[in-house]
Amino acid sequence: MREILEKVKNGVLDVVFPTMCMGCGKEGHYICMRCEGFVGEVALICPVCGQSSLTGQQHQACRSLYGLDGLASCFEYEGVVKNLLHHIKYNGMTHAVKETTARVLGIMLEDTARFYPFLSFLSSQNIHITYVPMYKKKERDRGFNQAEMFAKEIAKSMGKEVFTMLEKIKDTKPQVALKKEERLQNVKDAFAVSRVSPHSAVGADSTLPEKVILVDDVWTTGATMKECCRVLKKAGAKEVWGFTLARTS
Ligand SMILES: [Zn+2]
Ligand SMILES: [Zn+2]
């Protein structure tokens, strides 16, 4: 919050309070009706091999000990959506998180055939929702972790809580500047099960809940989420689905 106020004060952030379309500037919504026509939805993929999977479930043949069991993504990461997520992350436009999350969940609920495996996983009783953590110093500088904010909105709409399960223990380079192979290497051993948290899901015996949804804003190569999933599963999680608002295609 302090960070946001500072940005406002410095004039870096001049679009804080009026809700306006990130495509055309029209007031009212972050994506107006007209610009919504240009928003692409992505097909679902198997999070292990990256190939098409009708419902986002991991292929049988891709089954592995520590791999993600499924991936639910909604928008194509380009145009107005890319703009919107960029503003949320780098310009502190966090008040757009609620509307954006609601829109994504709305789209998923309208397409229950495609999203059924994810939605039934999300609504099962013993599900725990968590998020990709940031390196503490980076989070302090930014003032928030957008992945955690999206996770909180999803949890709230399901009448659930968000749990901190992971922490980032290595200050990695930004993934965006790296090639695919470098990205995997960059995030390797960058995460650990969170030791101290006021609402940590880790019990006294350090075992994690069995069913976990891991939230992030964007899926690009999936290197970060795959590494987080590996850590979660090594620590006792049995089934992990990834959830991102957008995906590059
Ligand atoms: Zn617009
Ligand atoms: Zn696969």
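All values derive from a computational prediction rather than experimental measurement.

### Some words on the coordination of the zinc ion (ligand 2)
Okay, so step 1: Only C46 (SG), C49 (SG), H59 (ND1) and C62 (SG) from the protein reach the zinc ion (ligand 2) as donors, at distances of 2.2 to 2.3 Å.
Okay, so step 2: The coordination sphere of the zinc ion (ligand 2) comprises four donor atoms, whose angles at the metal cover 96 to 117°; the geometry is tetrahedral.
Okay, so step 3: Within one chain, the residues donating to the zinc ion (ligand 2) are spaced in sequence as C-x2-C-x9-H-x2-C. One end of the pair, C49, is in the loop between α2 (33–36) and β1 (70–76); the other, H59, is in the loop between α2 and β1, with ten residues separating them in the sequence.
Okay, so step 4: A relative accessible area of 25% means that H59 is categorised as partly exposed.

### Quick notes on the confidence of the model for the protein
Caution applies to low-pLDDT regions: their predicted coordinates should not be interpreted in detail.
Okay, so step 1: With 88% of its residues at a pLDDT of 70 or more, the protein has an overall mean of 89.
Okay, so step 2: Strand β6 (residues 239–247) holds the highest mean pLDDT among the elements of the protein, 98, whereas helix α1 (residues 2–9) holds the lowest, 55.

### Some remarks on the packing of aromatic side chains
Okay, so step 1: Taken as a whole, this structure holds three aromatic pairs when the rule is applied.
Okay, so step 2: Geometrically, the ring pair formed by F118 and W241 is tilted, given 5.7 Å between the ring centres and 50° between the ring planes. Taken together, the residues F118 in helix α5 (residues 112–122) and W241 in strand β6 connect sequence positions 123 residues apart. W241 shares its class with F118; the two are buried.
Okay, so step 3: The structure contains a cluster of three or more aromatic residues connected by ring pairs, namely F118, F121, W241 and F243.

### Section: the coordination of the zinc ion (ligand 1)
Okay, so step 1: For the zinc ion (ligand 1), every protein donor is listed as C21 (SG), C24 (SG), C32 (SG) and C35 (SG), and the spread of their distances is 2.2 to 2.3 Å.
Okay, so step 2: If you look at the zinc ion (ligand 1), its four donor atoms make angles of 106 to 114° with each other, and the shape they trace is tetrahedral.
Okay, so step 3: One chain supplies every donor for the zinc ion (ligand 1), spaced along it as C-x2-C-x7-C-x2-C.
Okay, so step 4: By relative accessible area, C24 is classed as partly exposed at 37%.
Okay, so step 5: Accessibility expressed as a relative area gives 6% for C32, which makes it buried.

### Brief notes about the pattern of salt bridges
Opposite charge on two side chains makes pairing possible when the charged atoms of those side chains draw close.
Okay, so step 1: Summed over all chains, the structure comprises 13 salt bridges.
Okay, so step 2: Note that E148 is salt-bridged to K152, the shortest N-O span being 3.5 Å. Of this pair, E148 and K152 both sit in helix α7 (residues 146–157), separated by four residues, roughly a single helical turn.
Okay, so step 3: Taking relative accessible area as the criterion, E148 reaches 14% and is therefore assigned buried.
Okay, so step 4: On the basis of relative accessible area, K152 is assigned to the partly exposed category, the value being 43%.
Okay, so step 5: Each member of the salt-bridge network shares a partner with another, and the members are K188, D189, E227 and R230.

About the criteria used
Per chain, residue numbering runs from 1 following the sequence as it is written. Following the order in which they are written, the chains are lettered starting with A and the ligands numbered starting with 1. Residue-level local features of this predicted model are given only where pLDDT is at least 70; pairs of side-chain atoms are given and counted only at 80 or more, and the full residue set underlies all totals for whole chains, interfaces and linings. Calculated side-chain values reflect all of the structure's heavy atoms, with hydrogen atoms and water omitted. Listed donor atoms are N, O and S within 2.8 Å of the metal (Na, K and Ca: 3.2 Å). As water is not included, a site may look incomplete. Just to be clear on the cut-offs, tetrahedral is four donors with all angles between 85 and 135 degrees, square planar is four donors and octahedral six with opposite donors over 155 degrees apart and all others between 65 and 115, and anything else goes down as irregular. Numbering of helices and strands runs from the N terminus, with a helix taken as a DSSP run of H or I at least four residues long and a strand as a DSSP run of E at least two residues long. Note on exposure labels: buried denotes an accessible area under 20% of the residue type's maximum, exposed denotes more than 50%, and partly exposed covers the range between, all computed with a 1.4 Å probe on protein chains only. Confidence scores labelled pLDDT are given residue by residue by the predictor and lie between 0 and 100. Two rings from Phe, Tyr or Trp (for Trp, the six-membered ring) form a pair when their centres sit within 6.5 Å of each other. Planes less than 30 degrees apart are called stacked, planes more than 60 degrees apart edge-to-face, and all others tilted. For salt bridges, the criterion is a side-chain nitrogen of Lys or Arg within 4 Å of an Asp or Glu carboxyl oxygen.

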